[in-house]
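# Examination of the molecular architecture
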Amino acid sequence: MVKNLLGMVEDKSARVCILGIGYVGLPLSIIIAQAGYKVLCGEVSEKKINLLNRGLNPLPELKEIDGNKLKCLVEEKRIIASDPETAATNTDIKIICVPTPMFPDKSPDLTSVKSASRTIGKSLKRGDLVISESSVGPGMTRKVTCKVLEENSGLKAGQDFHVVASPERIDPGNLAHTIETIPKIIGGVSDSSTSIGKSFYQKFIEGEITTVSSLEAAEATKMLENAYRALNIGFINEFAKFCDTSGIDIMEVVRAASTKWSFQPHYPGIGVGGHCITKDPYYLISAAEEAGVELKTLRNALWSNESMPHYVFNLLKKDCDEMGLELKTAKVALFGIAYKGDTRDIRNSPALIFQNILERQGIATYVYDPLFTEKELKDMGLKTFNLENEQCDIVVIGCDHPQFKSFDFKQIKSLKLIIDGRNILPKQDVPVTGVGTNSNLRRKDAIHHSTRI
Ligand code: SAJ
């Protein structure tokens, strides 16, 4: 390589470009700038560029962003935002942090990765380092990212420039796992790429840095992690359906099984949301199919997870039939729209999929979420439930916001039934049906409990 990139990493003179200022790119920009590098943030959103260059957080929902720290770094010109082309030009290390969604048929949508690679390729210089933090299936960095980089630069990956895959492991909103402390996996197109990638990350990652032998090994590591989680959730959701028919309380059984050293608890619920566990496994399935291997078990687990909003709807229908409640005319309040508790992130939220199922059945659903204002919910086109002055017949718990665990449901005088889509509620005065908790058990307790009053 013509330039001494390692020396520039060591003396912090290497200029860093980060393409995609989202859940991954923004926190990454801050910790790299804080480590002493100049960071050029490339963004397609004019709004984000303007906010960032005014020292304002373009993602206010990200609790982990320290606004003051960001403001200082912008004022010191350690972070500058611009369009992607400008940000990529005259930089030495280029990090791709763009989204990797799916097309409607669940096949990988690498549009943003190709666009970022094209942008980088146009101004790529000998000795530069390109890092892909975007989560893709094994082989995609080599077959897509490297190919586009080479086509647009006339240079050769591994020979003229370095390429590393280091899939993000961000856990949005979880302050227990900050970007600095999350362990990192790094795999390069060549040993020297891996080595320089590790030297760079060591400057700002406190967590353990593990190097692997190739781009594919790094991509496969991320895919394995999230497929493992999707598989376990998929099975526990299936097991919950069995428990519902067999007088078994799944939460009791999971607690008991957790006394075994090799059992990692997972919990059934109204479904699986977010942008990792819903999507990464399909990237793995697609990569495997290209290699002629069908990952049937994983695909079935994903279908199990995707079936849960409907399953919970069927629980609701069954309970209404048993209780003589006319669902069509009942007032249903959905508590919580986020994809998981204690976050405002609604991407692929199963609670909203559930809400859509009810709406399509002509059942009006009113939404309450303590993390959103009524105006925000209305701006999403949702009907809102106002705790202060409204009543409802049925409450469905859509996500495990901690506030719901101690919520006083007695204040809803007309309440007749709760469907606990996350199995988080303690016993209530009204019947509560959970997922896999064999509601008869809980309903008997509830009725018994309520007769005592
Ligand atoms: N969920 C269940 N049952 C469970 C666990 C989760 O139904 O036992 C549901 C959640 O409610 C949510 C979805 O699955 O709807 C995903 O939950 P998650 O805890 O996996 O949260 P994510 O999507 O933010 O996952 C992230 C991932 N991080 C990255 O991909 C970088 C994932 O790899 C982590 O395992 C996860 O955080 C974590 O462990 O916190």
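As the structure is a computational prediction, the values presented were derived from the model and not from experiment.

How each quantity is defined
- Residues numbered from 1 in each chain as written.
- Predicted model: local features only at pLDDT ≥ 70, side-chain atom pairs only at ≥ 80, totals over all residues.
- Heavy atoms only, no water.
- Helix = DSSP H or I, 4+ residues; strand = E, 2+ residues; numbered from the N terminus.
- Buried < 20%, exposed > 50% of the residue type's maximum accessible area, 1.4 Å probe, protein only.
- Areas by Shrake-Rupley, 256 points an atom, 1.4 Å probe, with all protein chains shown as cover.
- Lys, Arg positive; Asp, Glu negative; His and termini not counted.
- Charge placed at Lys NZ, Arg CZ, Asp CG, Glu CD.
- Near = heavy atom within 4 Å.
- Polar contact = N/O pair within 3.5 Å; in protein donor to acceptor, adjacent residues only side chain to side chain.
- Nonpolar A, V, L, I, M, F, W, Y, C, P; charged D, E, K, R; others polar.
- Pairing = 2+ DSSP bridges.
- Axes fitted to C-alpha atoms, helices over the stretch in contact; angles between N-to-C directions.
- Contact = heavy atoms within 4.5 Å.
- Phe/Tyr/Trp six-rings, centres within 6.5 Å; stacked < 30°, edge-to-face > 60°.
- Domains from an automatic or database assignment.
- Buried area = accessible area lost by both parts, 1.4 Å probe.
- Salt bridge = Lys/Arg side-chain N within 4 Å of Asp/Glu carboxyl O.

### With respect to the overall build of the chain
Each helix and strand in the chain was counted, giving 16 helices and 14 strands. Among the 453 residues that make up the chain, the fraction classed as buried is 56%. Accessible surface computed for the chain: about 19,600 Å², of which carbon and sulfur atoms make up 54%. Mean positive and mean negative side-chain charge positions of the chain (56 and 56 charges, respectively) differ by 1 Å.

### Topic: the site of the ligand
As a matter of local geometry, the ligand sits amid 18 residues, with Asp171, Asn226, Arg229, Tyr267 and Tyr339 nearest to it. Within the backbone of Gly273, a nitrogen or oxygen atom sits 2.9 Å from an oxygen atom of the ligand. Between the ligand and Tyr339, the relevant distance is 2.6 Å, taken from an oxygen atom to a main-chain nitrogen or oxygen of the residue. Protein chains bury 86% of the 740 Å² of accessible surface belonging to the ligand in isolation. Grouping the amino acids of the shell around the ligand by side-chain chemistry returns 7 nonpolar, 4 polar and 7 charged.

### Some words on the sheet that holds strand 7 (residues 184-188)
Taken together, the 8 strands give an open sheet; going across it, the order is 3-2-1-4-5-6-7-8, and neighbouring strands pair in mixed fashion. The sheet is open, and its two borders are formed by strand 3 (79-82) and strand 8 (209-212), each paired with just one other strand. Neighbour-to-neighbour, the strand axes of the sheet open up by a mean angle of 25°, direction not taken into account. Each of strand 1 (15-19), strand 4 (93-96) and strand 5 (129-132) is contacted by helix 6 (residues 111-122), which is oriented at about 170° to strand 4, the strand it contacts most. Strands strand 6 (162-165), strand 7 and strand 8 of the sheet are contacted by helix 9 (residues 215-245), whose axis makes an angle of about 150° with strand 7.

### Examining the packing of aromatic side chains
What the rule picks out here adds up to 13 aromatic pairs. Here the aromatic rings of Phe335 and Phe385 are separated by 6.3 Å at their centres, their planes lie at 40°, and the arrangement is tilted. Of this pair, Phe335 sits in strand 9 (residues 332-335) while Phe385 sits in the loop between strand 11 (383-384) and strand 12 (394-397), and the two are 50 residues apart along the sequence. Judged by its relative accessible area of 0%, Phe335 is buried. In this structure Phe385 comes out as buried when scored by relative accessible area, which is 2%. Ring centres of Phe335 and Phe404 lie 5.5 Å apart, and the angle between their planes is 50°; this geometry places the pair in the tilted category. Pair noted here: Phe335 is in strand 9 and Phe404 is in helix 15 (residues 402-405), with a separation of 69 residues, a long-range link.

### Some remarks on unusual backbone geometry
At Asn90, a residue that is not glycine, the phi angle is positive and equals roughly 60°. By the element assignment, Asn90 lies in the loop between helix 5 (84-88) and strand 4. At Asn423, a position not held by glycine, the phi torsion is positive, near 50°. Mapped onto the elements of the fold, Asn423 is located in the loop between strand 13 (417-420) and strand 14 (432-433). Taking the relative accessible area as the measure of exposure, Asn423 reaches 9% and is therefore buried.

### Details of the domain arrangement of the chain
On domain assignment, one finds that the chain holds domain 1 (5-213) and domain 2 (306-449). One C-alpha centre belongs to domain 1, the other to domain 2, and the line joining them spans 40 Å. Counting residues at the interface gives 6 residues for domain 1, matched by 7 residues for domain 2. Overall, the association of domain 1 and domain 2 removes approximately 470 Å² of surface from exposure, summing both partners, and the carbon and sulfur fraction of that is 38%. Looking only at domain 1, the three residues that lose the most surface to domain 2 are Tyr23, Lys63 and Pro172, adding up to 62% of its buried area. Applying the counting rule to domain 1 against domain 2 returns 2 salt bridges. When the shortest N-O distance is used, the salt bridge between Lys106 and Glu306 registers 4.0 Å. Summed over the shared surface of domain 1 and domain 2, the number is 1 residue pair in polar contact (both at pLDDT 80 or more). Of the residues contributing to the side of domain 1 that touches domain 2, the split by class is 2 nonpolar, no polar and 4 charged.

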